[in-house]
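# Close look at the chain arrangement
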Amino acid sequence: EKCRRIWHDESHQERIPFILQLSGFMSEKFVLGRPAYAAFDIPDWILRADAVGLSLYTNGGYADWGHKSDQATVRLVQLANILHKPIYILEAGCDNPRSIFRMDELRFVVSLVQPLHPRTFIYEYSKDSFGDTVIAGTGKMVTKTGKVRQNIFDGLKQLMTRLEKTGQDESPVLYVIADPLRTRSDPKTGEIYSKMYDLAGDMAIRWIPKSVLSLKPAESPAWPTIEFPGFEKENLSRLMTEQPDPWKDAERKTWLHKL
């Protein structure tokens, strides 16, 4: 809140938004890190910011190219849409480990962000640097000599046209009422909060800050406050603590069905 005030009051940049920028791989860090990470109140930061920016990449270093973490983070950022805040895709691309051009990966990124209705979509890799060693399948659109790589140009043009079409919004199956201060005195709750970031890679979850609980539709189930006939907080919390390891596919499929 202090940073936002300084930006607007001291710099006299009232017209330029104070943007909270997140990485698509942020969710993975919350899942793999300590449960105490859940004390970072990202939903409240989104509430306080003027706008949200995303760095959204896929990366061959992940078994799934980072799709699950990207998906979970995009679902977290959907809160900005609920709050009527603008969303900007500030950089995007595909790495393995250097920039490469793969239409299937970039189609995935575009399909993720369509429901966000972003104001911008910036493809990072525009031109070879003079010190670059050019690799096969490079993702950079312009050579050192200024020649356009037509396959990349045409592919990006196709993706931008697709991005202009509005994506279908998801119907959340669960709302998470963000109250990270509670995790400081209740480690079990902190652990479940962290697991929600993992779960959001598989299921349509929405985060709502506790301070704006009225934004949650009255008929929708939520955790940790369950106010929906047939849903029991204790059973949901128990299932969350029984979450199988991500690589145990068969066990995870059964667990997701129960959840």
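Going by the structure above, here's the rest.
Residues numbered from 1 in each chain as written. Predicted model: local features only at pLDDT ≥ 70, side-chain atom pairs only at ≥ 80, totals over all residues. Heavy atoms only, no water.

Read across the sheet, 4 strands follow the order β1-β2-β3-β4 without closing on themselves; strand pairing throughout is parallel. The open sheet terminates on both sides in strands that have one partner only, identified here as β1 (19-23) and β4 (120-123). Neighbour to neighbour, the strand axes of the sheet diverge by 20° on average, direction disregarded. Here strand β3 (residues 87-95) runs beside β4; their pairing, made up of 3 bridges, is parallel. Residue A92 lies in a different strand from β4, and its bridge partner there is Y123. (Pairing = 2+ DSSP bridges. Helix = DSSP H or I, 4+ residues; strand = E, 2+ residues; numbered from the N terminus. Axes fitted to C-alpha atoms, helices over the stretch in contact; angles between N-to-C directions.)

What follows deals with the layout of surface pockets. In this structure, the largest pocket encloses a volume near 630 Å³. As for the largest pocket, its lining consists of 25 residues, and the residues nearest its centre are V31, L32, K68, D198 and P246. Among the elements of the structure, α2 (26-32), α4 (67-82) and α7 (187-199) are those that each provide at least two residues to the lining of the largest pocket. It is α7 that contributes the most residues to the lining of the largest pocket, 5 residues altogether. A per-class count over the lining of the largest pocket returns 10 nonpolar, 8 polar and 7 charged. For the second largest pocket, the calculated volume is near 160 Å³. If you trace the second largest pocket, you find it lined by Q78, N81, I82, P115, H117, D169, E170, P172, Y175 and R206. When residues of the lining of the second largest pocket are assigned to their parent elements, the largest contribution, 3 residues, is made by α4. (1 Å grid on protein atoms, 1.4 Å probe; cavity = no way out; pocket = protein on both sides within 12 Å on 5 of 7 lines; lining within 4 Å. Points joined across faces, edges and corners; volume = space filled by probe spheres on them. Nonpolar A, V, L, I, M, F, W, Y, C, P; charged D, E, K, R; others polar.)

Attention now moves to empty space enclosed by the protein. Rolling a probe over the atoms, with the probe sized like a water molecule, indicates the empty space that remains. Under the criterion given, the structure shown has 1 cavity of 30 Å³ or more. Quantified by volume, the largest cavity comes out at close to 60 Å³. The wall of the largest cavity is formed by F30, A38, F40, D41, I42, P43, A178, P180, Y193, Y197 and W207. Mapped onto the lining of the largest cavity, the elements with two or more residues apiece are α3 (42-48) and α7. Classifying every residue of the lining of the largest cavity gives 10 nonpolar, no polar and 1 charged.

We now examine the environment of F153. Note on placement: F153 falls in helix α6 (residues 150-163). Judged by relative accessible area, F153 falls into the partly exposed class, the value being 38%. Not counting residues within four places of it along the chain, the set of residues in contact with F153 comprises M141 and V148. (Buried < 20%, exposed > 50% of the residue type's maximum accessible area, 1.4 Å probe, protein only. Contact = heavy atoms within 4.5 Å.)

This part covers unusual backbone geometry. Among all residues except glycine, the phi angle is most often negative; among peptide bonds, the trans geometry is most common. In this structure, the amide linkage connecting N96 to the following residue, P97, adopts the cis form with an omega of -15°. In this model, W65 sits at a positive phi of 65°, which is unusual for a non-glycine residue. Checked against the element boundaries, W65 lands in the loop between β2 (51-59) and α4. In this model, H84 sits at a positive phi of 60°, which is unusual for a non-glycine residue. Residue placement: H84 occurs in the loop between α4 and β3. For H84, a relative accessible area of 74% puts it in the exposed group.

Only one face of β4 is covered, namely the face carrying F121 and Y123; the face carrying T120 and I122 is uncovered. Note that the unit made of β3, helix α5 (residues 103-113) and β4 has a crossover that is right-handed. (Right-handed = clockwise from strand over helix to strand, strands pointing away.)

The next subject is the environment of A200. With respect to the helices and strands, the residue A200 is situated in the loop between α7 and β6 (205-209). For A200, a relative accessible area of 0% corresponds to the buried category. Considering only alpha carbons, one finds A200 and S27, 173 residues apart in sequence, at a separation of 8.8 Å. Ignoring anything within four residues of it in the chain, the contact list for A200 reads Q71, A72, R75, I205 and W207.

Further remarks concern the side chain of S27. Tracing the sequence through the fold places S27 in helix α2. Once you skip the residues sitting within four places of it in the chain, S27 turns out to touch S69, A72, T73 and Y197.

Read these as geometric descriptors, not functional statements.
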